Amino acid sequence: MSVLNGDVMRSELLRFKWVTGLLTLAHVMTLVFLNRLADMQQQTYPVDRLFMLTYMAVAFLWAIFQIGSYRKASKWLWLLHRPVPHHTMFASMVAVAAINLLICVFVPMLATLLVLDFGSDRLIDAHRYGMPVHGWVLALSAWLAGVCAVLSVRPTAAVVLIVPIWLMWSFAHSASVLFTEVLGMLVLLAIASTQFKPNRDEHVRSSALVVLTALPLQMGLYFVLVIAAIGYEFLMMFAGTHPLNMPVPPRGGYTEAVRQEPAELLSGLLAVSKDERAAVWAEQMPLLTPQSISTRMRSYPVRHQAYQERIVQWEDSKQRIEWTFSHDDMVFHGRDVRSGASKGVWGVKGFADPTPFAQVPTPFDGQYLLTPRVIYQIDLAQQRTLEQVRLADDEVFIAAPLTFGEQVLAITSQGMRLFGPDRATYDQTAGTVRQLSERQVWRIPGVPFVQAMGQTQGAGSLSRLDAAELVDGWLIGLTFGGYYNGESIRQILLHVDVQGAVQVLAERALQNDFPAWYETVAWWLSPVHYAVRHAPVVLLDNGIVQGASVWGTPDAAQLTRALILNAASVLLALWWMRRTALQARRKLLWLVMTALGGLPALLSLLLIEKRLPKPSQAGAVAGVPA
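Residues numbered from 1 in each chain as written. Predicted model: local features only at pLDDT ≥ 70, side-chain atom pairs only at ≥ 80, totals over all residues. Heavy atoms only, no water.

**Concerning unusual backbone geometry**
In this structure, arginine 320 is a non-glycine residue whose phi angle is positive, near 55°. Take arginine 320: its relative accessible area is 32%, and that puts it in the partly exposed class. Phi is positive for glutamine 383, close to 55°, though the residue is something other than glycine. Along the chain, glutamine 383 turns up in the loop between β9 (374-379) and β10 (384-390). Residue glutamine 383 is classed as partly exposed on the basis of its relative accessible area of 27%. (Buried < 20%, exposed > 50% of the residue type's maximum accessible area, 1.4 Å probe, protein only. Helix = DSSP H or I, 4+ residues; strand = E, 2+ residues; numbered from the N terminus.)

**Considering the confidence of the model for the protein chain**
Looking at the protein chain as a whole, the pLDDT averages 82, with 86% of positions reaching at least 70. The secondary-structure element of the protein chain with the lowest mean pLDDT is helix α4 (residues 73-80), recorded at 56, while helix α2 (residues 17-37) shows the highest, at 93. This stretch, residues 421-430, has a pLDDT under 50; its non-local contacts, to residues over four places away or in other chains, come to 24 contacts. Note that residues 445-460 has pLDDT below 50 and, in this model, 42 contacts with residues that lie over four places away or in other chains. (pLDDT = per-residue confidence, 0-100. Contact = heavy atoms within 4.5 Å.)

**Re the packing of aromatic side chains**
Summed over all chains, the structure comprises 20 aromatic pairs. Both rings, one in phenylalanine 325 and one in phenylalanine 332, keep their centres 5.1 Å apart while their planes meet at 70°; by these two values the pair is edge-to-face. Assessed through its relative accessible area of 2%, phenylalanine 325 is described here as buried. With a relative accessible area of 0%, phenylalanine 332 lands in the buried category. Where phenylalanine 357 meets tyrosine 376, the ring centres are 5.3 Å apart and the plane angle is 90°; that geometry is what we call edge-to-face. Of this pair, phenylalanine 357 sits in the loop between β6 (350-351) and β7 (362-364) while tyrosine 376 sits in strand β9; the two residues are 19 residues apart in sequence, bridging distant segments of the chain. Overall, tyrosine 376 belongs to the buried group, its relative accessible area being 5%. By the ring-pair criterion, three or more aromatic residues cluster together here, those being Trp314, Trp323, Phe325, Phe332, Trp346, Phe351, Phe357 and Tyr376. Its end group placed over the ring of phenylalanine 480, arginine 490 keeps NZ or CZ at 4.6 Å from the ring centre. (Phe/Tyr/Trp six-rings, centres within 6.5 Å; stacked < 30°, edge-to-face > 60°. Lys NZ or Arg CZ within 6 Å of the ring centre and 35° of its normal.)

**Points about empty space enclosed by the protein**
Throughout the structure, instances matching the rule amount to three cavities of 30 Å³ or more. Roughly 180 Å³ of volume is contained in the largest cavity. Around the largest cavity sit 13 residues that line it, and Leu31, Gln41, Asp48, Met109 and Arg128 are the ones nearest its centre. Elements represented by at least two residues in the lining of the largest cavity include exactly α2, α3 (45-68) and α5 (86-119). (1 Å grid on protein atoms, 1.4 Å probe; cavity = no way out; pocket = protein on both sides within 12 Å on 5 of 7 lines; lining within 4 Å. Points joined across faces, edges and corners; volume = space filled by probe spheres on them.)

**Quick notes on the packing of helix α17 (residues 556-576) against helix α19 (residues 599-608)**
Two numbers describe a pair of packed helices, the interaxial angle and the distance between the axes. At a closest axis distance of 9 Å, the pairing of α17 and α19 adopts a crossing angle of 15°. Between α17 and α19, the angle is such that the two are roughly parallel. You can see that α17 and α19 cross each other, and the crossing is left-handed. Taking contact as the criterion, the partners of Leu565, Ser569, Leu572, Ala573 and Trp576 in α17 are, on α19, Leu599, Leu602, Leu605 and Leu606. (Axes fitted to C-alpha atoms, helices over the stretch in contact; angles between N-to-C directions. Parallel < 35°, antiparallel > 145°, perpendicular 65-115°, else oblique. Left-handed = near helix turned anticlockwise from the far one by under 90°.)

**So, the sheet that holds strand β16 (residues 473-480)**
Within the open sheet, the five strands sit side by side as β1-β15-β16-β17-β18. Their pairing is antiparallel. Either end of the sheet is taken by a strand with one partner, and the two such strands are β1 (291-294) and β18 (502-510). Mean inter-strand twist for the sheet, computed between neighbouring axes without regard to direction, equals 15°. Lying over the sheet, helix α12 (residues 262-271) contacts β1, β15 (462-470), β16, β17 (489-496) and β18, oriented at roughly 85° with respect to β15. (Pairing = 2+ DSSP bridges.)

**A short note on the side chain of glutamine 260**
Looking at the element boundaries, glutamine 260 is found in the loop between α11 (254-259) and α12. Its relative accessible area of 14% is what places glutamine 260 among the buried residues. Not counting residues up to four positions away in its chain, the partners in contact with glutamine 260 are Leu265, Arg464 and Arg508.

If you want it as C-alpha cells, here you go:
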C-alpha cells in the first residue's frame, strides 16, 4: 500500500491553492523590493534570521488553521475513520505542507538567487544557495510544531516551536547548521505523528514515545522559563533601578566602568594606587591620548557561514571601489560603488592576486585585515597587502589591535604584544606601508596571561583594555568580567617600562550590577538543558576565539541552587504522580528525567501525563483511588 494518498493530497492542495499563490506572490514582491533597496545577500544574521522567523510564523499559523479545521470531534472522525491507515493520512498531510512551503518559500528564494547570480554583478557565494533549503526546513519544522500544538491535549505543546529556533541560532558552516535543523525537523515529525491518532485524548503508552515527546518539550519550556526570568529586568526598569537605563549608573559597578572614557578610567585606577609615581601620571593624563577597546570578540567568521555574523567588506574611498570577500575563492571581489561594475580581485598579496586567504579575514581600523593568527595591512598606494604579524599555532588574537600612531598593540590569548616603533606603520613621506617588527611582549611575571593575570579569571573574561603611552612606558588598564555570567568583576592597572617589564600598580573589585542569582539563572535553572542549549555552539565550529565548555564554569552557589531546585522538582513529581494510574516503571522514568532536567522536566510531566479526578465529597467512585 502506498505511503501517500493521492486523493487526500489533491484535495488539500486544491483547498489551499489561493493561499499558496498569494503567499508566493507576496514573497516574490518582498524579495524584489528589498533587493532593489540593498544587497540582501550581504547582510548580517539579524536580517536572515528575521526572514526565517517570518517563514516559521506563517507556517505555524498555517498548520493551526489547516489541522485545526479538523480538530472538532465530528470532523476528526470524518478525517481519520475511513479506509485509509492513519500513518498514510498523516504522511499525505505532511507532503501537502512540504509542497506548499516549497512553492511559497523555497522557489522564490532560489529564483531570486539565480537572477542575481547570473543577471547582475553582485557577489553570490555557494553557501547562499543553502538559504532556500534552510528556509524550507525551518518552515516545515514550524508547521509540524503547529500540528503538535493543535492536536496535543494541552495547547502549551506549542513551545516545541522553540526547538528549530534554537537550532537556527548558530554561526557554524551552512551544512553543519542545516544538519542540526534537519535533525530537529525529524524529531518534530516523529512527535507530530504520535499525535495523529483517532482518540486524541488517548494516554501515551510507550515509554520511548514519552521520552521522544518530553525532551523537545523540556527544551522549549527551559527557554520559556529563561525568557520569563528576564521579566525581573522589566521590574527594575519600572522601578527605575535598571543599571543600563539609569542616567547615572550605580557607583563602583561594571556599568559605570564600561561607560567611562579611557582617561577617566585610568585616572580612577591611579587614584587607588599606592605607587609614588601615580600622582605624577594622573597630572599628565589630560595631556595624553589614551585609547580603549572592547575585547568581547568571541568569534571570527567561519567559511561558508550560514548566518553571517559580520559582513567582510572594506572600501577604497579614493577609487570608490567596494571590496567584498568571497567564501568560494577566499579573495576579495571589487565592485564600483557608482556603476556596480566588477573591478577585479584582491588576494593575499594585493590587487589582481588570486592567492586565497587561509581564513576569512575581518577588516578593522580602515587599513587592517585580522584573522585568528595573522594581521595583514592594506597598502592602497602600492595596491598590495602586507603580512605584518603572525602568531604561533597555540596563540590567537582575542580583540582587534589598538593603533598608537606608529605603534600597534595587539591583545592575544598569551599576552600583549607591541609592534614598532622603529618601522612606522605608515610612512607619511613615501605614502606606503612598511613592515612591522615585534618590539615587546608583555606578560605578568611568572603567570600565563590566559590564567587571569595571576587570578582566577582568564583572558576569555577580559572585557575591556585601556592604554596610554607615557614618556617612560605605558599604562594599561584591564577590566575583567561582564553581564549575565556571574563572574567577579575587577580591574587591574599595569605599568610597562621601556624595557617591557610589567608591574601591577593597583587592583580593585567592582560590584555586579545584577544579583548573582539572576546573572546565572540560565545555568542553575537546569544545568542539563543549559549544556544542551550550548552544545551546537561548542561542538560545531562557530569560530569561537577561546575554548568554551558545554557545562560552563559554575561556582558553589550555582551548584547549590541547582541541586535544591532539582531536589524540589523530584519531590513535587513524586507528590503529583500519587494520583495517577502510571505504572512503577513509568514513574521511575519520570523521576530520572526530573532529577536530571529539574523544573523543565517537572513541567513536562504535568503537561504530558494525566491525573485521576478527585473523589467527590459524597464519596469516591468505586475503583478510582483517592
